[in-house]
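So the chains spell out like this:
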Amino acid sequence: MSLLKEPDLGTPARPGPAVVGLEIDGQPVSVPEGTSVMRAAALAGVDVPKLCATDSLEAFGSCRLCLVEVDGVKGTPASCTLPVAEGMSVRTQTDRLARLRRSVMELYISDHPLDCLTCPANGDCELQDMAGVVGLRDVRYGYAGENHLDAPKDTSNPYFEFDPSKCIACSRCVRACSEVQGTFALTISGRGFDSKVSAGADEQFLESECVSCGACVQACPTSTLQEKSVVDIGMPTRSVLTTCAYCGVGCSFKAELRGSEVVRMVPAKNGGANEGHSCVKGRFAFGYASHPDRVLKPMVRESIDDEWREVEWDDAIGFVGRRFREIQAAHGPGTIGGITSSRTTNEEVYVVQRMVRAAFGNNNVDTCARVCHSPTGYGLKQTFGTSAGTQDFKSVDDADVILVIGANPTDGHPVFASRMMRRLRKGAKLVVVDPRRIDLVRMPHVEATHHLRMAPGTNVAVVNAMAHTVVTEGLVDADFVAERCEGFQAWADFVARPENSPEALAEVSGVPAEELRAATRLYAAGPNSAIYYGLGVTEHSQGSTMVMGMANLAMATGNIGRRGVGVSPLRGQNNVQGSCDMGSFPQELPGYRHVSDPAVRAIYDDLWGSAILPEPGLRIPNMFDAALDGSFRGLFVQGEDIAQSDPNTKHVTAALRALDLLVVQDLFLNETAKFAHVFLPGTSFLEKDGTFTNAERRINRVRPVMPPRTGKHEWQVACEIAQAMGYEMSYDSSSQIMDEIAATTPTFTGVSFDLLDKVGSVQWPCNAEHPLGTEIMHEGGFTRGRGRFVPTPYVATTERSTRRYPLILTTGRILSQYNVGAQTRRTANVVWHPEDVLEIHPHDAEDRGIEEGDAVTLTSRTGATTMHARLADRMPVGVVYTTFHHPLSGANVVTTENSDWATNCPEYKVTAVQVARARSTALQDEAESAEPTGAEVLGSRA
Amino acid sequence: MPDATLPPVVRMANDIARQFGYLTQDEAATAVSGHIAMFWDPRMRRQLADEVDHDPERLDPVVVRAVTGSA
């Protein structure tokens, strides 16, 4: 249920060319073949009463309210399960139907609490509505019979409660959990009067497989499943349509408020990316925006050893401007720079990169994409000509074979994963390429046909072996290649070499040759085969090479340029795509145009009154190296916690300490702020006014539900810093910033807030050629003309396991936490993940005398930390896994300086480590000295 | 020498050179030179040039060829 009432047509749409004509209550109606009578009636403006039907779920026919009379049909069929037929004549309102409906409602109400006036759903309850619609006046059965009114509540979930006394057993929640979410955590247990909604095997919600996506709460027509925030605060009174600030799916939400207090976030049915679905983070974990830890006033200090001092905005900005100019005067113009956030809006990022280029006068600007998907930008630009994915999310509905490489979408992109699982349940085949047995390999009603479980660091070996199979077994789509591509023969000759065969590479990759060949044949056969990939591809020393390898595979098999195919990066953060689009790269201006291009520089120099340098600036890892050698001395960090998220923490913190000025703009004091001289408070997504761009290039509006609690928008702060440095820069509104972006960036020329308000969202390119955006890229031809095959030799990483560090650590994320955890750790999501743990195979654990829950020390050549162990056979032997959400364990203390050769994206996925039982549960600093003894390494158990 | 102890520009340049091992030395040097020009800040390029001048043994020969322009 939701405040902003979106029309509910009862049953899902059935798109199709054939049209059926019928008559409903004397009105002629034409609808696609397969449409239900209920939906046809709703489209004609006739609302048939209903309780178990809702248009996000398939018809169920259980409530018996939606009965209709049809000429020539016996009885009173349920309109939700009755498909339209040509010439059908339907009556939805007759005396007989009215009597039947009232009888049904009498039965429901005879076993329902009569506490409407004090119920949290008062005014927003479909049962209440239907009682009114059918004209219920009394309940002949009375209320003294057997009932469920004393059924105990389940309040275990931190965000919603389950009150079975109010349940009408419509099964909407069960169906939502299966059809929409795909977790199948709920069922109806018992029969007849004993039927009841059951989580797991009659468990409490929190103990069950429930992933707290909220689909059941959304679907529930009564107050049985109700947000605790509504119980506590009351029903919202207004609604603002905005976009989630968590992952790269970019779900549209209605922020529902009472006054300025957000009561709940409800997924928007017409959200282009999510179509009414959500995950635990976007749906429920918004409380961080009003957490007491929020810093709302600027703070400065002369030295990082001093206490913070609150100051007014003018003082803080004046301090920043003056100090940056002093550094430049003393050490040179290229000694300062900025890092933009992948979580702020496009407009905010654009303004910060302008500040760096025009006010700082250099190109030392980079963004968080550096450490995640920068290889995507490089690799797809080299091969296809565009630094972005090729499809929209809906495209997966047309895929016959889905190849998931180095991604864990059920954790990292849950709403997209739900969509993918719907397609898999309908028969698409799945190939998973991952060292870990991720959930997607085997889930309720989903099973991978092939799981290529390769050794960490051997992605390129695997993709080359697949390419070898395609080329040598005659699986190439020769027509597509001839018509659309170039460089094929040199590439084909390269991959056909014996050293690239599955047999030759089986030992190094760990993937049996026959399994790899079978998976490749499946992919090549399609007919529509799609690749989805994540940071398990990019965060490697050959991340860019692997992206090109996948692009080669897609081109060779003709799987580009239509629905159901493509190469789609699952970008991690809400606006990492956007921050790249906005030119937050040291070598590229907005729209991925190189700074060396004088015509592009002229566009901005003329507009900005600047003199943009024609040479690339420093990337984030280069900034750290330069800070340590003294050639980089001042840094502005917008919304990034590099001291926690970037690899080799000791190196990063040493670099930050070396700076003369570190300015951090963020919501909370974080690990990076420990080394800062200025803290500028940032705004949460609830206060921002702008746009985010998700993983499918979809530009969505972010609308403010309240003014900035800090008193300024982040883009205003950047403008004022520039002014304090003597460079005039100002805007009147975020809309004006987007207008400037559109005026200067060819892929954005049609974008405006007006357009987005009208159509909801658009995928770039959005210009004269594509006024409403572009869903599928490279349809008629590649952006660069012809797709380019690029040979991808496998070069093993220099990070190898040794006697001292015999295991390989790979890192990633989980569902309930997000990135460095700054937001999610300040919500009730900590109930699912209160700490980062180390997943270790039971054999590796046994060798080391480690038991479930033991404190263990994780050591690499760069550092050590301590965390608790979780024995997990989904890990391969020899590989351990952890997340980076908690600063206390600080997983990046152990990751290294190794990075992708082309982009310096860190090799987070391959670190040689040793694990041993910890002598104590000391913090990471104490663990540094806890070198394992020989007995601990050899795993002797007392 | 383990890569981690090398100066960053040496390590990164060697990484780049390794990727073009399937090309001839001249082609690889051109590719390395082009990549560095497109993506490296001038101070990093100067540091690399210093390394070529003073300690070329730590560098992949393709890198040396790319920097000295003898490609």
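Residues numbered from 1 in each chain as written. Chains lettered and ligands numbered in written order. Predicted model: local features only at pLDDT ≥ 70, side-chain atom pairs only at ≥ 80, totals over all residues. Heavy atoms only, no water.

Caption draft 1: Highlighting the packing of aromatic side chains. All names here are of chain A. Throughout the structure, instances matching the rule amount to 23 aromatic pairs over all chains. Taking the centre distance of 5.7 Å and the plane angle of 80° together, the rings of Tyr378 and Trp901 count as edge-to-face. One end of the pair, Tyr378, is in helix α10 (residues 374-383); the other, Trp901, is in the loop between β37 (879-883) and β38 (911-917), and 523 residues separate them in sequence. Overall, the relative accessible area of 12% leaves Tyr378 in the buried class. In textbook terms, an aromatic cluster arises when at least three aromatic residues are bridged by ring pairs, as seen for Tyr159, Phe160, Phe162, Phe205, Phe284 and Trp832. Across the ring face of Phe668, the terminal group of Arg826 is positioned such that the distance to the ring centre comes to 3.8 Å. (Phe/Tyr/Trp six-rings, centres within 6.5 Å; stacked < 30°, edge-to-face > 60°. Helix = DSSP H or I, 4+ residues; strand = E, 2+ residues; numbered from the N terminus. Buried < 20%, exposed > 50% of the residue type's maximum accessible area, 1.4 Å probe, protein only. Lys NZ or Arg CZ within 6 Å of the ring centre and 35° of its normal.)

Caption draft 2: Spotlight on the packing of helix α13 (residues 459-472) of chain A against helix α19 (residues 543-556) of chain A. Residue and element names in this part refer to chain A. At their nearest, the axes of α13 and α19 sit 9 Å apart, and the two run at 20° to each other. Our classification of the angle between α13 and α19 gives roughly parallel. When the axes of α13 and α19 are compared, the crossing they make is left-handed. Contacts between α13 and α19 involve Asn459, Val460, Val463, Met466, Ala467 and Val470 from the first element and Thr545, Met546, Gly549, Met550, Leu553 and Ala556 from the second. Looking at the contact of α13 with α19 residue by residue, the classes come out as nine nonpolar, three polar and no charged. (Axes fitted to C-alpha atoms, helices over the stretch in contact; angles between N-to-C directions. Parallel < 35°, antiparallel > 145°, perpendicular 65-115°, else oblique. Left-handed = near helix turned anticlockwise from the far one by under 90°. Contact = heavy atoms within 4.5 Å. Nonpolar A, V, L, I, M, F, W, Y, C, P; charged D, E, K, R; others polar.)

Caption draft 3: Summary view of the sheet that holds strand β10 (residues 252-258) of chain A. All names here are of chain A. With antiparallel pairing, three strands are arranged side by side in an open sheet as β9-β10-β11. Only two strands of the sheet have a single partner each, and these edge strands are β9 (238-243) and β11 (261-267). Here the average twist between neighbouring strands, direction ignored, is 30°. (Pairing = 2+ DSSP bridges.)

Caption draft 4: Representation of the pairing of strand β23 (residues 566-569) of chain A. Residue and element names in this part refer to chain A. The side-chain alternation of β23 yields two buried faces, one formed by Gly566 and Ser568 and the other by Val567 and Pro569. Of the strand pairs in this sheet, strand β22 (residues 529-533) and β23 are connected by four bridges, and their pairing is parallel. Considered in β23, the bridge of Ala530 is made with Gly566.

Caption draft 5: Inspection of the sheet that holds strand β12 (residues 299-300) of chain A at higher detail. Residue and element names in this part refer to chain A. Read across the sheet, seven strands follow the order β13-β12-β28-β27-β26-β14-β15 without closing on themselves; strand pairing throughout is mixed. Both outer strands of the open sheet, β13 (309-310) and β15 (365-367), are each paired with one neighbouring strand and no more. As judged from the three bridges shared by strand β14 (residues 336-340) and β15, these two strands associate in the parallel manner. Residue pairing across strands places Gly338 opposite Val365, the latter belonging to β15. Running at roughly 125° to β15, helix α22 (residues 620-629) makes contact with β14, β15 and β26 (634-638) of the sheet.

Caption draft 6: Region of interest: the confidence of the model for chain B. Here chain B averages 92 in pLDDT, and 94% of its residues register 70 or above. As scored by the predictor, the complex reaches a pTM of 0.95 and an ipTM of 0.96. (pLDDT = per-residue confidence, 0-100.)

Caption draft 7: Structural context of the interface of chain B and chain A. Listed per partner, the contact involves 22 residues of chain B and 28 residues of chain A. Taken together, both faces of the contact between chain B and chain A bury some 2200 Å²; the carbon and sulfur share is 55%. Seen at the junction of chain B and chain A, the total is one salt bridge. Between Glu615 of chain A and Arg45 of chain B there is a salt bridge, with its nearest N and O atoms 2.8 Å apart. Scanning the region where chain B abuts chain A turns up eight residue pairs in polar contact (both at pLDDT 80 or more). Looking at the side of chain B that touches chain A, the elements with two or more residues in it are α1 (8-19), α2 (25-39) and α3 (42-54) of chain B. The element best represented in the side of chain B that touches chain A is α1 of chain B, accounting for seven residues. Considering only residue class, the side of chain B that touches chain A consists of twelve nonpolar, three polar and seven charged. (Buried area = accessible area lost by both parts, 1.4 Å probe. Salt bridge = Lys/Arg side-chain N within 4 Å of Asp/Glu carboxyl O. Polar contact = N/O pair within 3.5 Å; in protein donor to acceptor, adjacent residues only side chain to side chain.)

Caption draft 8: Focus on unusual backbone geometry. Residue and element names in this part refer to chain A. A cis geometry characterises the amide bond from Gly526 onward to Pro527, with omega recorded as 10°. In this fold, Pro527 is placed in the loop between α17 (513-525) and β22. In this model, Trp764 is joined to Pro765 through a cis peptide bond whose omega is 0°. Within the secondary structure, Pro765 sits in the loop between β31 (761-763) and β32 (787-788). Located in the positive-phi region is Ser171, a residue other than glycine, with phi close to 70°. Secondary-structure assignment places Ser171 in the loop between β5 (160-162) and α4 (172-181). Of note, the phi angle at Arg697 is positive, near 65°, even though the residue is not glycine. Tracing the chain through its elements places Arg697 in the loop between β29 (690-693) and β30 (698-702). The exposure class assigned to Arg697 is buried, which follows from its relative accessible area of 0%.

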